[in-house]
Amino acid sequence: MDVLIYLVPIALALGLTGLAAFLWSLRSGQYDDMDGAAVRALMDDDII
Amino acid sequence: MSETLDLSMFVTRTPAGAAHMDLAVEGVGCASCIRKIESGLKQVRGVAQARLNFTDRRLAVDWNDSALSAGDIILELERIGYRAQPFRPQSAEADEARMGRWLLKCLAVAGFAAMNIMLMSVSVWSGHVSDMTQETRDLFHWLSALIALPAAAYAGQPFFRSAIRTILGGHVNMDVPISIGVTLALALSLYETATHAQHAYFDSAIMLLFFLLCGRYLDHAMRRKTRAFAGNLAALKAEVAHRFEDDNELATVPVSALQPGDRLLVRPGERVPADGVVVSGASEIDESLVTGETLQRPIYAGEAIYAGSRNFHGALVMRVTAVAAGSLLDEVQRLLDRAVTAKSNIVQLADRAASRYAPVVHVTAAMSVAGWLIAGASLHQAIVTGIAVLIITCPCALALAIPAVQVVASGAMFRCGLILNSGDAIERLAEADTVVFDKTGTLTLPEPQVDNAADIPPDMLERAARLALSSHHPLARAVAAVARQRLPYDGATEETGRGVRALVDCAEARLGSPAFCGSETAPGAAADGASTLMFAWGGQFWPLVIRQKLRPDAIEAARALKSLGLEIHILSGDRPSAVAPVAAELGIASWHGGLKPADKIALLEEMKRARRRVLMVGDGLNDAPALAAAHVSLSPITAADIAQAQADGVFLGERIAPVVSAVGIARRARALMMQNLWLAVIYNVVAVPVAIAGYATPLIAAAAMSGSSILVTLNALRARKRSSSEGASWMS
């Protein structure tokens, strides 16, 4: 079971990374306009 | 014209020094509008940033105000094809947005913790049947504790705070058993971990928080969406007032910028923008939005006038005042205060359920501790069983049962054109067995209409309507509304208080009082509140009867409400002679006219004593106390502000249909709420004996809790059903 010594911290670190990424996206206002984000993804005027 | 709209109160400064303004935009329907508006604005020189929020239809613009004024931006948007009005985000809305972000953060933390603890828990559970050593299990329990305790301390705050608040207030709500359950589960698990025991309930406690936060966030998001929509409607009304500045020059300012003491000019045909006292001038005003009375009232200097009245003939100078003692507004305010206190006695279904549920659960837990002790179990074992009972009964399903339905049902009502102020209005709406309508502006359309349009040849009507476009008179405005071509005639002259004339197709056309048109027949104002304008052209006379017409679907709505088993009454401030024909047309037997605000309340009290649950639908200033006193209340969007603030919901458009669909949706929603509560009870009846018997392992607790939560949520989704077909086309 020695494998747990590094697998568990890795699992927790991955989870925390996900949490941090979510909190960052929340802070940068990515959840303020959910409907808009859905349709903006389909706009292709920035691809030239 | 030198008089320009002063928008400076809406403009704020960004840290970079640019001007910033938020606008509510009308007519944003599809994704391409985003690009049209944003790229259209960015092409304008001086605009630094334009971003449209598609969810709440609001546009944020940053620009360099040395090159561009706020008014230019609105004009530019109009050129692109959208009507926009600036608004000041209200502090309540900012608080709600902050609250929403906080809930989402709590949800994220709880979700992260629940996933990672479950990772440990599943290993432990499978370890029970394989070869996991006790040391490894303890390590996993300690790791779970390490994640769970800080996560619960953070993510549980919405519940802990609300529980403490209600306990201090001497009540019990659903958050009390939740907080007790979560805290005890964590404490027990910590103790069990420290004593190397087999079971720990960290996963249950955190999962419970996660499910409940999901429900709470959805509830909050729905409320915020409807609130933002209502805010946009208010902004797009774009009410302005003409204010005398210090140098006696006239400036046009948004109504929200008015202060007591301001002197205003109210021109003929305009609405009075604020409550106040007439300083000079004399006129006639239509106070139908204030008192329900449809006949005009002469007004002179020194008299009080109220926001929403329409000025007819003469220009008035008024002073905005705060509430003056003895005025109608003062009386309304007093009645309001009393009604609001009385209403706080209504207990919500959820709190009623909680106040019955919490004692039962806590007594059951205590009894199972006592029972096990009597049966000879150790104190430790008895307490473990008692807490397991608390965990398994922790009202996960119960706390989701009602909010989940509220979210879905208020979404369905929103699609029908009804904006609810509070989720608990749904259950009160479902209980209503009596509807009380105000007449003026509620059963009838708020603006007067031409009643006999069908009797007049279409080309004549069109001429009259186009001529009316050149008049400020409120009655002429009703005629102008039927114009197909909104093209005023050249050279039209208005004689104030008499009429308007112009040369139309080689003959003089006149629209106005019968005397002005040279007609001998002078019907004047009819007894039922109708007024007659005369239209003369080429020696022919056509009387135009103008009155407040019934809303287009009033008759069907009255019939539909009756078929839903509701008793209908009309309580109007208008003269009985004006109420009678409306009541007769709608087939409503019980009606009263000429009522003062206090009379309306007295009649509502009488109904209340007869154990009726009253749905009040009204729009006037005089209805506000009755709206607050009724069991549940709705207002049309055209209602006076004070009435709208008291109503539980606002309906949009010209039709009453949203009221009817709302009652239907609310009843279905309440049935689902009851079903959900029963589902939660059945779940407890099955699960509690298992817990009392001591078989509630963490695995069983987790499965039972998530199972029941998902079940009630799925059941709540049924409130959506059929609402799409009921959805009116008001959104188009």
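Note that residues are indexed from 1 along each chain, following the sequence as it is written. The order in which chains are written sets their letters, starting at A; the order in which ligands are written sets their numbers, starting at 1. Totals for whole chains, interfaces and linings use every residue, but because this is a predicted model, local features are given only for residues with pLDDT of at least 70 and side-chain atom pairs only at 80 or more, for both listing and counting. Side-chain calculation: all heavy atoms of the structure are included, whereas hydrogens and water are not.

A. Highlighting the overall build of chain A. Secondary structure elements are defined from DSSP: runs of H or I of at least 4 residues count as helices, runs of E of at least 2 residues count as strands, and each element is numbered from the N terminus. Within chain A, the secondary structure is distributed over two helices and zero strands. Referenced to the eigenvectors of the C-alpha coordinate spread, the extents of chain A come out at roughly 55 × 25 × 15 Å. Only the protein chains shown count as covering a residue, and every accessible area follows the Shrake-Rupley method with a 1.4 Å probe. Carbon and sulfur atoms make up 69% of the accessible area of chain A, which totals about 3500 Å².

B. Expanded view of helix α10 (residues 379-393) of chain B. Residue and element names in this part refer to chain B. Multiplying 1.5 Å by the residue count of a helix minus one yields the expected span of that helix. For α10, which comprises 15 residues, the first-to-last C-alpha distance of 21 Å matches the rise-based estimate of 21 Å (1.5 Å per residue) to within 8%. Burial here depends on accessible area, computed with a 1.4 Å probe over protein chains only, as a share of the maximum for the residue type. Under 20% is buried, over 50% is exposed, and the range in between is partly exposed. Most of α10 sits inside the fold, with 11 of its 15 residues counted as buried. If you check which residues of α10 are buried, you get Ala-382, Val-384, Thr-385, Gly-386, Ile-387, Ala-388, Val-389, Leu-390, Ile-391, Ile-392 and Thr-393. Elements that come into contact with the buried residues of α10 comprise α6 (175-194), α7 (202-237), α9 (349-374), α22 (657-692) and α23 (698-716). A contact between two residues is defined here by any heavy atoms of the two lying within 4.5 Å.

C. Inspection of unusual backbone geometry at higher detail. All names here are of chain B. At Arg-57, a residue that is not glycine, the phi angle is positive and equals roughly 55 degrees. Relative to the elements of secondary structure, Arg-57 occurs in the loop between β3 (47-53) and β4 (58-63). Residue Asp-505 is not a glycine yet carries a positive backbone phi of 45 degrees. The residue Asp-505 is located in the loop between β19 (499-504) and β20 (507-512) in this model. On the accessibility criterion, Asp-505 (48% relative accessible area) is partly exposed.

D. Spatial organisation of the nonpolar core. Take the buried residues of types Ala, Val, Leu, Ile, Met, Phe, Trp, Tyr and Cys, join any two whose side-chain atoms come within 4.5 Å, and each joined set is a nonpolar core. Formed by 128 residues in total, the largest nonpolar core has its most connected members in Met413(B) and Leu615(B). Broken down by element, the residue count for this core peaks at 15 residues, all from helix α3 (residues 91-129) of chain B. If you count residues domain by domain, this core takes at least three from each of domain 2 (99-220) and domain 4 (406-445 + 552-667) of chain B. Once you skip the residues sitting within four places of it in the chain, Leu615(B) turns out to touch Leu429(B), Ala432(B), Thr434(B), Val435(B), Val436(B), Val632(B), Ser633(B), Leu634(B), Val659(B) and Val663(B). Among the nonpolar cores identified, the runner-up in size contains 29 residues, and Met43(A), Ile37(B), Val44(B) and Ala50(B) belong to it. The source of the domain bounds is an automatic or database domain assignment.

E. Molecular detail of the layout of surface pockets. Residue and element names in this part refer to chain B. Estimates place the volume of the second largest pocket at around 1000 Å³. Only protein atoms enter the calculation, which uses a 1 Å grid: trapped sets of points that fit a 1.4 Å probe without letting it out are cavities, open sets showing protein on both sides within 12 Å along at least five of seven lines are pockets, and any residue with an atom within 4 Å of a point is a lining residue. Around the second largest pocket, the lining comprises 35 residues; the ones closest to its centre are Asp-175, Arg-216, Asp-219, Arg-223 and Gln-348. Under the convention adopted here, Pro, Cys and the residues Ala, Val, Leu, Ile, Met, Phe, Trp and Tyr are nonpolar, Asp, Glu, Lys and Arg are charged, and Gly plus all remaining residues are polar. Looking at the lining of the second largest pocket, its residues break down into 15 nonpolar, 11 polar and nine charged. Built from parts of two domains, the lining of the second largest pocket gets at least three residues from each of domain 2 (99-220) and domain 4 (406-445 + 552-667). Grid points are joined across faces, edges and corners, and a volume is the space filled by probe spheres set on the points.

F. Seen up close, empty space enclosed by the protein. All names here are of chain B. The final tally for this structure, using the stated rule, is three cavities of 30 Å³ or more. In this structure, the largest cavity occupies an estimated 100 Å³ of space. Surrounding the largest cavity, 13 residues form its lining, Ser-121, Val-124, His-141, Ala-200 and Asp-203 being those nearest its centre. Those elements giving two or more residues to the lining of the largest cavity turn out to be α3, α4 (134-155) and α7. Looking at the lining of the largest cavity element by element, the count peaks at five residues for α3.

G. Broad picture of the interface of chain B and chain A. Counting residues at the interface gives 22 residues for chain B and 21 residues for chain A. Two parts placed together each lose some accessible area under a 1.4 Å probe, and the buried area is that loss summed for both. Of the roughly 2000 Å² buried where chain B meets chain A, counting both sides, 70% is carbon and sulfur surface. Any Lys or Arg side-chain nitrogen found within 4 Å of a carboxyl oxygen on Asp or Glu counts as a salt bridge. Summed over the shared surface of chain B and chain A, the result is one salt bridge. Close ionic contact of Glu38(B) with Arg40(A) constitutes a salt bridge, the shortest N to O distance being 2.9 Å. Definition of a polar contact: a pair of N or O atoms within 3.5 Å, with one able to donate and the other able to accept a hydrogen when the atoms are protein atoms, and with sequence-neighbouring residues admitted only if both atoms are side-chain atoms. Across the contact surface, chain B and chain A share seven residue pairs in polar contact (both at pLDDT 80 or more).

H. Spatial organisation of the sheet that holds strand β21 (residues 531-537) of chain B. All names here are of chain B. Pairing in this open sheet of six strands is antiparallel, and the strands run β17-β22-β21-β20-β19-β18 from one edge to the other. With one partner strand each, in any of the chains shown, β17 (449-450) and β18 (493-495) form the two edges of the open sheet. In this sheet, strand β22 (residues 540-547) lies alongside β21 in antiparallel orientation, the contact comprising seven bridges. Following the sheet pairing, Leu-533 is matched in β22 by Leu-544. All axes are obtained by fitting lines to C-alpha atoms, using only the stretch in contact for helices, and the reported angles, taken between N-to-C directions, cover 0 to 180 degrees. Along the sheet face, helix α14 (residues 458-468) touches β19, β20, β21 and β22 and points at about 105 degrees away from the line of β21. Strands pair, by our definition, only if DSSP identifies at least two bridges between them.

I. Looking closely at the sheet that holds strand β13 (residues 310-311) of chain B. Residue and element names in this part refer to chain B. Across the sheet, three strands lie side by side as β11-β10-β13; this open sheet has antiparallel pairing. A strand with exactly one partner marks an edge of an open sheet, and here the two such strands are β11 (297-299) and β13. Pairing geometry for strand β10 (residues 283-286) and β13, over two bridges, is antiparallel. The residue bridging Asp-286 from the neighbouring strand is Arg-310, located in β13.

J. Looking closely at the packing of α9(B) against α22(B). Residues and elements named next belong to chain B. It is the contact of α9 with α22, at a shortest axis distance of 12 Å, that shows an interaxial angle of 5 degrees. In this view, α9 runs roughly parallel relative to α22, as classed from their interaxial angle. When α9 is examined against α22, the residues Leu-349, Ala-353, Tyr-357, Thr-364, Ser-368 and Trp-372 are found in contact with a partner set consisting of Arg-670, Met-673, Met-674, Leu-677, Asn-684, Val-688 and Ile-692. For the contact of α9 with α22, the per-class residue count stands at nine nonpolar, three polar and one charged. Put simply, angles under 35 degrees are roughly parallel, angles over 145 are roughly antiparallel, angles from 65 to 115 are roughly perpendicular, and the rest are oblique.

K. Examining the pairing of β19(B) more closely. Residue and element names in this part refer to chain B. Where β18 meets β19, three bridges bridge the pair, whose relative direction is antiparallel. Across the sheet, the residue bridging to Thr-493 is Arg-501, located in β19. In textbook terms, the turn of a hairpin is the stretch between consecutive antiparallel strands, and for β18 and β19 this stretch comprises three residues, one of which, Gly-497, has a positive phi near 80 degrees. Here six bridges tie β19 to β20, and the two strands are oriented antiparallel to one another. Residue pairing for β20: Leu-503 is matched across the bridge by Glu-508.

L. View of the pairing of β22(B). Residue and element names in this part refer to chain B. Here β17 pairs with β22 via two bridges, running antiparallel. Residue pairing in the sheet places Val-450 in a bridge with Ile-546 of β22. The turn linking β21 back onto β22 is made up of two residues, and Gly-538 within it adopts a positive phi angle of 55 degrees.

M. Expanded view of the environment of Ala388(B). Residues and elements named next belong to chain B. Along the chain, Ala-388 falls in helix α10. The exposure class of Ala-388 is buried, given its relative accessible area of 7%. Residues Ala-388 and Glu-494, 106 residues apart in the sequence, show an inter-C-alpha distance of 83 Å. When neighbours within four sequence positions are excluded, Ala-388 is seen to be in contact with Tyr-201, Ala-691 and Ala-696.

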